[in-house]
Amino acid sequence: QVQLVESGGGLVQPGGSLRLSCVASGSIFSLYTMGWYRQAPGNERELVATITSGASPNYADSVKGRFTISRDNARNTVYLQMDSLKPEDTAVYYCHANYVPIGAYWGQGTQVTVSS
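In what follows, the accompanying structure is described. Computed from a predicted model, the values in this text were never measured in an experiment.

The rules behind each value
- Residues numbered from 1 in each chain as written.
- Predicted model: local features only at pLDDT ≥ 70, side-chain atom pairs only at ≥ 80, totals over all residues.
- Heavy atoms only, no water.
- Helix = DSSP H or I, 4+ residues; strand = E, 2+ residues; numbered from the N terminus.
- Buried < 20%, exposed > 50% of the residue type's maximum accessible area, 1.4 Å probe, protein only.
- Contact = heavy atoms within 4.5 Å.
- Pairing = 2+ DSSP bridges.
- Axes fitted to C-alpha atoms, helices over the stretch in contact; angles between N-to-C directions.
- Disulfide = S-S within 2.5 Å.

1. Focus: the side chain of asparagine 76
Turning to step 1, where the next piece is worked out: For asparagine 76, the position within the fold is in the loop between β7 (67–72) and β8 (77–82).
Turning to step 2, where the next piece is worked out: Residue classification places asparagine 76 among the buried residues on the basis of a relative accessible area of 16%.
Turning to step 3, where the next piece is worked out: With residues up to four places along the chain from it excluded, the contact list for asparagine 76 reads Cys22, Val23, Ala24, Ser25, Gly26 and Phe29.

Right under this line is the structure:
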């Protein structure tokens, strides 16, 4: 069982920045592919970015060049640096951990609101 705890969400003006953090419990964090997903009201949950155990990132087209995913295995933490935020980035952001032999897990979500 893996527990994921997100933090760092909040209200920011368009063009601003936020950094989300997700801390995972357990001792094999380095083996997990970690990801960030988001869900806006009335929409399905969508992929934002993932990072493999080897630290290879992947991004949704809508955030390429603006968001950066990274991980610190010593701290069991994955980050999402979000720059040049737009109103359409407003959503609940969820941390996700996946390691096929063990399973997949979700955090509780953190709200990001981009508004003037």
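2. A word on the sheet that holds strand β3 (residues 18–24)
Turning to step 1, where the next piece is worked out: Judged by pairing direction, the sheet is antiparallel, and its 4 strands sit side by side in the order β1-β3-β8-β7 without closing on themselves. What marks the edges here is a single partner per strand, and that holds for β1 (4–7) and β7. Across this sheet, the average inter-strand angle for adjacent strands is 15 degrees, counted without regard to direction.
Turning to step 2, where the next piece is worked out: Looking at chain direction, β3 and β8 are connected through 6 bridges and run antiparallel. Note that in β8 the partner of arginine 19 across the bridge is glutamine 81.

3. With respect to the pairing of β7
Turning to step 1, where the next piece is worked out: Direction of pairing for β7 relative to β8: antiparallel, over a ladder of 6 bridges. Looking across to β8, one finds that serine 70 is bridged to tyrosine 79.
Turning to step 2, where the next piece is worked out: Between β7 and β8, which pair antiparallel in sequence order, lie 4 residues; one of them, asparagine 76, sits at a positive phi of approximately 50 degrees.

4. Remarks on the pairing of strand β5 (residues 46–51)
Turning to step 1, where the next piece is worked out: One ladder, built from 5 bridges, connects strand β4 (residues 33–39) with β5; its direction is antiparallel. Looking across to β5, one finds that methionine 34 is bridged to isoleucine 51.
Turning to step 2, where the next piece is worked out: When β5 meets strand β6 (residues 57–59), the two strands line up antiparallel, connected through 3 bridges. For threonine 50, the partnering residue across the bridge sits in β6 and is asparagine 58.
Turning to step 3, where the next piece is worked out: Between the end of β5 and the start of β6, which pair antiparallel, lie 5 residues, with alanine 55 showing a positive phi angle near 70 degrees.

5. Here's the deal with the state of the cysteines
Turning to step 1, where the next piece is worked out: What the rule picks out here adds up to 1 disulfide.
Turning to step 2, where the next piece is worked out: Put simply, cysteine 22 and cysteine 95 are joined by a disulfide, and their sulfur atoms are 2.1 Å apart. The chirality of the disulfide connecting cysteine 22 with cysteine 95 is left-handed, given an S-S dihedral of about -85 degrees. Within this pair, whereas cysteine 22 is found in strand β3, its partner cysteine 95 is found in strand β9 (residues 91–99), the two being separated by 73 residues in sequence.

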